[in-house]
Amino acid sequence: MNEAVEAGVLYVVATPIGNRADISQRALAVLGGVDLIAAEDTRHSGRLLQHYHIERQILALHEHNERQRAAEVVTRLQQGQSVALISDAGTPLISDPGYHLVRLAREAGIKVVPVPGPNAMIAALSAAGLPSDRFIFEGFLPSKSAARQKRLQALADEPRTLIFYEAPHRLLETLGDMVAVFGAQRHVVLARELSKTFETIKGAPAGELLAWVGGDPDQQKGEMVLLVKGREATDSEEVSAEARRILKILLDELPLSQASALAAKITGSKKKPLYQLGLTLGSGNP
Ligand code: SAM
């Protein structure tokens, strides 16, 4: 054990998603100091730890044995051992194993400490140029097209930026479904091979992106995140209920251009969306 590690604590440690230099000093200190490292794939993580000259006992904890292993790990934590949880890449629990262990540990009153670091979704969002103040992470979409389209349909009106993980062999199909459900004009960003040699971040209307990816097999390889701009409110949706009410009254008396100008003045709204709304309300005299 070293200064970075306390007895009986579970550390959830993020590891690189491609570039080994992205590991934090603290992650190295924790991994080097714990009694046990629970890893998704012991061989994969063994190579990573060897690279940093860390020799610690490693235990496999993956999606097929997590429930049973979680109980064993909690027992060891209760006996005072310190444990680090890592996954193959990035932050554990984020489309990776670890949820059952963390839940069980917390239920048992064990201190759980995150050691933050790389995560593909956040890295992609930070460089995508899409609104980042509000976003939702949807993980992997269903692998079958009908179920995938259904999920996308449920998200079609979502105004926040949408983030998905995707496997390379499904990229074309998924982009095709996005064009079908969101429309060819919806802005989509493909963030591929982040922090690796062939890192590519390409944003375009969905239809164009599909054609671009379809025309270049190299863009269909590697690890990837898809980000979709949330649905933008149409002009008529931007009109408040009060402005709409006033516009309706004015339209009974005035031509559309005057009614919308006056409604804009009274309510402090923009004239254009009021004018457009007026068109849909069926003014007799535009
Ligand atoms: N826990 C990881 C994290 O924190 O991002 C995610 C693990 S999930 C099993 C793997 C998926 O993450 C990949 O299929 C891909 O969608 C995304 N991913 C991981 N590394 C990536 C990278 N270097 N570039 C782009 N996407 C990546």
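This one's a predicted model, so the numbers in the text were calculated from it and none came from an experiment.

The strand order 6-7-10-8-9 describes an open sheet built from five strands, whose pairing is mixed. Two strands in the sheet have a free side with no partner beyond their single neighbour: strand 6 (135-140) and strand 9 (200-205). Here the strands of the sheet are splayed against their neighbours by 20° on average, with no regard to which way each runs. In the sheet, strand 8 (residues 187-192) pairs with strand 9 via six bridges, with the strands oriented antiparallel. Bridging from a neighbouring strand, Val-188 pairs with Ala-204 of strand 9.

In this structure, Thr-15 sits in the loop between strand 1 (9-13) and helix 1 (25-33). Along the chain, Thr-15 and Ala-27 lie twelve residues apart, while their C-alpha atoms are 7.7 Å from each other.

Another aspect to go through is the nonpolar core. Ranked by internal contacts, the top residues of the largest apolar core, which has 21 residues, are Phe-164, Leu-175, Met-178, Phe-182, Val-188 and Leu-226. If you list the elements that add at least two residues to this core, you get helix 6 (145-155), strand 7 (161-166), helix 7 (171-182), strand 8, helix 8 (206-214) and strand 10 (224-228). Of the residues forming this core, the biggest block, five residues, is contributed by helix 7. In this structure, Leu-226 is in contact with Leu-162, Ile-163, Phe-164, Glu-166, Leu-171, Thr-174, Leu-175, Met-178, Val-188, Val-189 and Leu-190, ignoring residues within four places of it in sequence. Counting 19 residues, the second largest nonpolar core, distinct from the first, contains Tyr-11, Val-13, Ile-37 and Ile-86.

With that out of the way, let us pick up the pattern of salt bridges. Charged atoms that come close allow side chains of opposite charge to pair. Within this structure, the stated rule accounts for 14 salt bridges. By sharing partners, the salt bridges in this structure join Arg-148, Glu-173 and Asp-177 into a single network.

With that settled, consider the packing of helix 9 (residues 241-251) against helix 10 (residues 256-267). Following both chains from N to C, one finds helix 9 and helix 10 inclined at 145°, their axes separated by 9 Å at the closest point. Our pair here, helix 9 against helix 10, has a crossing hand that is right-handed. Listed contacts from helix 10 to Ala-243, Ile-246, Leu-247, Leu-250 and Leu-251 of helix 9 are Leu-256, Ala-259, Ser-260, Leu-262, Ala-263, Ile-266 and Thr-267.

Once that is clear, we can look at the packing of aromatic side chains. To describe a pair of aromatic rings, one takes the distance between the centres and the angle between the planes. Tallied over the entire structure, the rule returns two aromatic pairs. Where Phe-140 meets Tyr-165, the ring centres are 5.8 Å apart and the plane angle is 65°; that geometry is what we call edge-to-face. Within this pair, whereas Phe-140 is found in strand 6, its partner Tyr-165 is found in strand 7, the two being separated by 25 residues in sequence. In textbook terms, an aromatic cluster arises when at least three aromatic residues are bridged by ring pairs, as seen for Phe-137, Phe-140 and Tyr-165. If you follow Arg-186 out to its NZ or CZ, it ends over the ring of Phe-182, 4.7 Å from the centre. Seen from the ring of Trp-212, Lys-202 lies directly overhead, with NZ or CZ sitting 4.9 Å from the centre.

Looking at the chain, the domain boundaries give domain 1 (9-117), domain 2 (121-228) and domain 3 (236-280). Here the C-alpha centroids of domain 1 and domain 2 sit 29 Å apart. Between domain 1 and domain 2, the residue contacts involve six residues of the former and ten residues of the latter. The contact between domain 1 and domain 2 buries some 500 Å² in all, and 62% of this surface belongs to carbon and sulfur atoms. The largest share of the area that domain 1 buries against domain 2 comes from Ile-17, Ile-94 and Ser-95, three residues that together contribute 74% of it.

One open sheet accounts for five strands, arranged 3-2-4-1-5; its pairing is parallel. Each of the sheet's edge strands pairs with one partner strand only, and the pair in question is strand 3 (57-60) and strand 5 (111-115). Neighbour to neighbour, the strand axes of the sheet diverge by 25° on average, direction disregarded. Here three bridges tie strand 1 to strand 4 (residues 83-86), and the two strands are oriented parallel to one another. Looking across to strand 4, one finds that Tyr-11 is bridged to Ala-84. Across the face of the sheet, helix 1 comes into contact with strand 1, strand 2 (36-39), strand 4 and strand 5 while running at roughly 135° to strand 5.

Neighbouring the ligand are 19 residues; Asp-96, Asn-119, Ala-120, Tyr-165 and Met-224 lie closest to it. Between the ligand and Glu-223, the relevant distance is 3.4 Å, taken from a nitrogen atom to a side-chain nitrogen or oxygen of the residue. Within the contact set of the ligand, an oxygen atom lies 2.6 Å away from a backbone nitrogen or oxygen of Met-224. Coverage of the ligand by the protein amounts to 90% of the 570 Å² it exposes when considered alone. At the level of elements, strand 7 and strand 10 are the ones that each hand at least two residues to the shell around the ligand. Here the shell around the ligand is built from residues that sort into ten nonpolar, four polar and five charged. Looking at which domains feed residues into the shell around the ligand, each of domain 1 (9-117) and domain 2 (121-228) supplies at least three.

Rules of the game
- Residues numbered from 1 in each chain as written.
- Predicted model: local features only at pLDDT ≥ 70, side-chain atom pairs only at ≥ 80, totals over all residues.
- Heavy atoms only, no water.
- Pairing = 2+ DSSP bridges.
- Helix = DSSP H or I, 4+ residues; strand = E, 2+ residues; numbered from the N terminus.
- Axes fitted to C-alpha atoms, helices over the stretch in contact; angles between N-to-C directions.
- Core = buried A, V, L, I, M, F, W, Y, C linked by side-chain atoms within 4.5 Å.
- Buried < 20%, exposed > 50% of the residue type's maximum accessible area, 1.4 Å probe, protein only.
- Contact = heavy atoms within 4.5 Å.
- Salt bridge = Lys/Arg side-chain N within 4 Å of Asp/Glu carboxyl O.
- Left-handed = near helix turned anticlockwise from the far one by under 90°.
- Phe/Tyr/Trp six-rings, centres within 6.5 Å; stacked < 30°, edge-to-face > 60°.
- Lys NZ or Arg CZ within 6 Å of the ring centre and 35° of its normal.
- Domains from an automatic or database assignment.
- Buried area = accessible area lost by both parts, 1.4 Å probe.
- Near = heavy atom within 4 Å.
- Polar contact = N/O pair within 3.5 Å; in protein donor to acceptor, adjacent residues only side chain to side chain.
- Areas by Shrake-Rupley, 256 points an atom, 1.4 Å probe, with all protein chains shown as cover.
- Nonpolar A, V, L, I, M, F, W, Y, C, P; charged D, E, K, R; others polar.

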